[in-house]
Structure formats: structure tokens, C-alpha cells
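What follows is the residue order along each chain.
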Number of protein chains: 2
Amino acid sequence: MIPDDNILGKEACADSLKYVIDALYVLGGKWKLPVILCIVQSSKRFNEIQHEVSGISPKVLAQELKDLEMNDFIRRNVYPTTPVSIIYEATEYSLTLKNVLRELSTWGEQHRERIRRSMSKKAYL
Amino acid sequence: MIPDDNILGKEACADSLKYVIDALYVLGGKWKLPVILCIVQSSKRFNEIQHEVSGISPKVLAQELKDLEMNDFIRRNVYPTTPVSIIYEATEYSLTLKNVLRELSTWGEQHRERIRRSMSKKAYL
DNA sequence: ATGAGTACTTACCTAAAAGTAAGTGCTTAC
DNA sequence: GTAAGCACTTACTTTTAGGTAAGTACTCAT
């Protein structure tokens, strides 16, 4: 009834759906990808991250950092300076997300542009 | 203090963070990307989608479909058969998400593999 | 000694997302 | 005529993500 116009078979489709759901299971939520991106860009301390990822509260950031550390996306380095400096660093594993992050950022940029255009159109109505 | 080991300047970094947050604003949540992927793979009806995206309830699916239609990711085609068939179709705009979806799926697949391996390791402890 | 900064934690609260269960109005099949 | 399928909707509840505000323990600068 509905033609299967896809190159991939049904199984491969079902699989990629499953994989996307799996990925979203670890990366889902409002802050995980932004925080990872922030740290991937360069190692940072708590307050720097909180400042860059605008809108995140210290509580939520602490939560996310713990979660990301547990899932091996970031490393929490404690330097024995006085007072101790704590620097969050991206692991090699989080670098496997670079393509995802790049595509998402590119898409977000284009989407923003599209929204901006449709807004200015509506302004004339 | 912390060296900026990135090729991109600070501004470009801040921008990509912003874009990712923007993207997540429309695509965030548990079901949006899975539902889009499902429909991008081929046009489908309500019950087919509900069956493929396992775990989604009819209420949530109806909600997501409305939202995705409003945001121009999908089209709701009503065919005047008896009874009417309603077929959800991906728009050209949702095709701009193909790269994002592909990267996410690839990553999810590798992540699943990694988890599987670390699980079997733990089984011997 | 007062205030500011770092890196959080704690307690509390609310709003939104999601789940459950059932119902509706239609049609076709048995 | 009874049941089942389609495409939902409605009402209700639960979950959980996230926000607010304040506090803590430390140190450094003035």
C-alpha cells in the first residue's frame, strides 16, 4: 500500500530507530549535550561552565557533571593548588560525539535562520 | 590559565553552543527525533508509527504529531477512501535532519556495542 | 574582620512530560 | 449483532526534570 522508497530494508530502519532511542537515553534532556559541547571545546571549571551554558543552575550543573562523569564523557581533575582547582575535561569517548555535535550545531544554525526569516515575513501581516 | 587548544575562537564556540541549544529546543524530548526518523524512513499511518516507535502511547504520539506538523517537519495527508486513510509524510524540511539522524544513529550503535562489552566484562567480576 | 570567589550541597517546590485507562465514532468482517 | 481495527480524544495520575533559594566550607584580598 505504502511503497518503501528507502534504499535500506525494513530491518536496517528499525535498527537505526533503536540506535537513536539508545543514544537519546544517555544524551537526552535539556543540558547533557550543551554541557558536553562546552567541555569538549576546552577544559573548564565549574563556574566557567555555569557561565557559558547560560541558564543552568548550579544544582542542575552539579547533577549533570556527576552523570556525565559516571558515563565516562568527562573527567573531573582535582589539582592540589591552594585552594584546589577542579577542572572538567572531555574524555576520548566524548570526542566520539564530535560529529553528532557538529551536525546538530549546523542544523541549529540553519534552523535559527529559517525561523528568523519566517518571523520577518509575519511582521508584514 | 587553561590553554585554548581549539582551532576555533571563543566566539565560534559560544555560537555553536547556542545553536545546539536552539536545535534541542525544537528537537528535545524523548520522542521527537524517533518519530521524525520513523516517518522519514517512509510515510506511515498512526498505528504503524505507534507500533514501530515502541513504547509510545497514542496520547503522546498524537501530541508529537501535532507539534511536528506545526513545526513543518511532517505533513498529515488525508485520503478520502472509506474509511479515510491518514498518512503522515516527511516534509523536505525534515530531510535537513538526515545528517543529524545518521550521526546519532551511528553513535547510538557504537555506544550500544560499548555498553554491551563493558557489561560482559563486569560479568566476570 | 568583612566581603568576595570557588565548588558545591541541601531542601523545597513546581511545571511539564509522560504514562494509564478508558471512551468515541467510524467502518468492515464474521 | 458483535467484535475488531483505525485514529484518535479525554480525564486522570505519576514521574521526573528542572528551578529557587539558601547554606557550607574553604581561601584570598583589602
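Remember, predicted model here, so these are calculated numbers, not experimental data.

### Focus: the protein's contact with DNA strand C
1) Next: In the vicinity of DNA strand C, 20 residues are found, and the nearest of them are A:Arg45, A:Pro58, A:Ala62, B:Lys30 and B:Ser57.
2) Next: Counting only elements with at least two residues in the surface near DNA strand C, the list comes to α3 (46-52), α4 (58-70) and β2 (85-90) of chain A together with α4 (58-70) of chain B.
3) Next: Tallied by class, residues from the surface near DNA strand C come to 10 nonpolar, six polar and four charged.

### So, the interface of chain A and chain B
1) Next: The partner chain B presents 42 residues to the 42 residues of chain A that form the contact.
2) Next: Among the elements of the structure, α1 (10-27), α2 (32-41) and α6 (98-122) of chain A are those that each provide at least two residues to the side of chain A that touches chain B.
3) Next: For the side of chain A that touches chain B, the class distribution of residues is 21 nonpolar, 12 polar and nine charged.

### With respect to the pairing of strand β2 (residues 74-79) of chain B
Residue and element names in this part refer to chain B.
1) Next: Bridge count between β2 and strand β3 (residues 85-90): six bridges; the pairing is antiparallel. Within β3, the residue paired with Arg75 across the bridge is Glu89.
2) Next: As consecutive antiparallel partners, β2 and β3 are separated by five residues.

### Points about the UniProt feature "domain: HTH hxlR-type" (unreviewed entry) in chain A
1) Next: The UniProt record annotates "domain: HTH hxlR-type" (unreviewed entry) at residues 13-116 of chain A.
2) Next: Across residues 13-116 of chain A, helical content stands at 65% and strand content at 12%; the span's end C-alpha atoms are separated by 33 Å.

### Description of the relation of the copies chain A and chain B
1) Next: The two copies are related by a screw motion: chain A maps onto chain B through a turn of 180° and a shift of 0.0 Å along the axis, at an RMSD of 0.1 Å. What the rotation and shift describe, once combined, is the action of a two-fold rotation axis.
2) Next: Both copies contact each other with a shared surface, as 100% of the interface residues of chain A are interface residues in chain B too.

### Re the protein's contact with DNA strand D
1) Next: The local shell around DNA strand D holds 20 residues, among which A:Lys30, A:Ser57, B:Arg45, B:Pro58 and B:Ala62 are the closest.
2) Next: Mapped onto the surface near DNA strand D, the elements with two or more residues apiece are α4 of chain A together with α3 (46-52), α4 and β3 of chain B.
3) Next: Residues of the surface near DNA strand D, tallied by class, amount to 10 nonpolar, six polar and four charged.

### Concerning the sheet that holds β3(B)
What links the strands of a sheet is backbone hydrogen bonding, and the strands pair in either a parallel or an antiparallel sense.
All names here are of chain B.
1) Next: Judged by pairing direction, the sheet is antiparallel, and its three strands sit side by side in the order β1-β3-β2 without closing on themselves. A strand with exactly one partner marks an edge of an open sheet, and here the two such strands are β1 (44-45) and β2.
2) Next: Against the sheet, helix α2 (residues 32-41) makes contact with β1, β2 and β3, and its axis sits at roughly 100° relative to β3, the strand it touches most.

### A look at α2(B)
1) Next: Counting buried positions along α2(B) yields nine of 10 residues, so the element is predominantly enclosed.
2) Next: Among all positions in α2(B), only B:Leu33, B:Pro34, B:Val35, B:Ile36, B:Leu37, B:Cys38, B:Ile39, B:Val40 and B:Gln41 are buried.

### Some points on the nonpolar core
1) Next: If you look at the biggest cluster of nonpolar residues, it comprises 56 residues, and the most contacted ones within it are A:Val20, A:Ile36, B:Val20 and B:Ile36.
2) Next: Non-local contacts of A:Ile36, meaning those with residues more than four positions away in its chain, are made with A:Leu68, A:Phe73, A:Ser94 and A:Leu97.

### Overview of the environment of A:Lys30
1) Next: Its place among the elements puts A:Lys30 in the loop between α1 and α2.
2) Next: Here A:Lys30 falls in the partly exposed class, since 16 other C-beta atoms lie within 10 Å of it.
3) Next: Placed 26 residues apart in sequence, A:Lys30 and A:Ile56 show a C-alpha to C-alpha distance of 9.5 Å.
4) Next: Among residues more than four places away in sequence, those in contact with A:Lys30 are B:Leu24 and B:Gly28.

### Remarks on the environment of A:Gly108
Residues and elements named next belong to chain A.
1) Next: Within the secondary structure, Gly108 is located in helix α6.
2) Next: Look at Gly108 and you get buried, because 24 C-beta atoms sit within 10 Å.
3) Next: Counting along the chain gives 34 residues from Gly108 to Ile74, while the straight-line C-alpha distance between them is 24 Å.

Procedures and definitions
Residues numbered from 1 in each chain as written. Chains lettered and ligands numbered in written order. Predicted model: local features only at pLDDT ≥ 70, side-chain atom pairs only at ≥ 80, totals over all residues. Near = placed C-beta within 6 Å. Helix = DSSP H or I, 4+ residues; strand = E, 2+ residues; numbered from the N terminus. Nonpolar A, V, L, I, M, F, W, Y, C, P; charged D, E, K, R; others polar. Contact = placed C-beta atoms within 7 Å. Pairing = 2+ DSSP bridges. UniProt positions renumbered as here; feature names shortened; annotations may be inferred. Least-squares fit on C-alpha atoms with pLDDT ≥ 70 in both. Axes fitted to C-alpha atoms, helices over the stretch in contact; angles between N-to-C directions. Buried ≥ 20, exposed ≤ 12 C-beta atoms within 10 Å, placed from the backbone. Core = buried A, V, L, I, M, F, W, Y, C linked by C-beta atoms within 7 Å.

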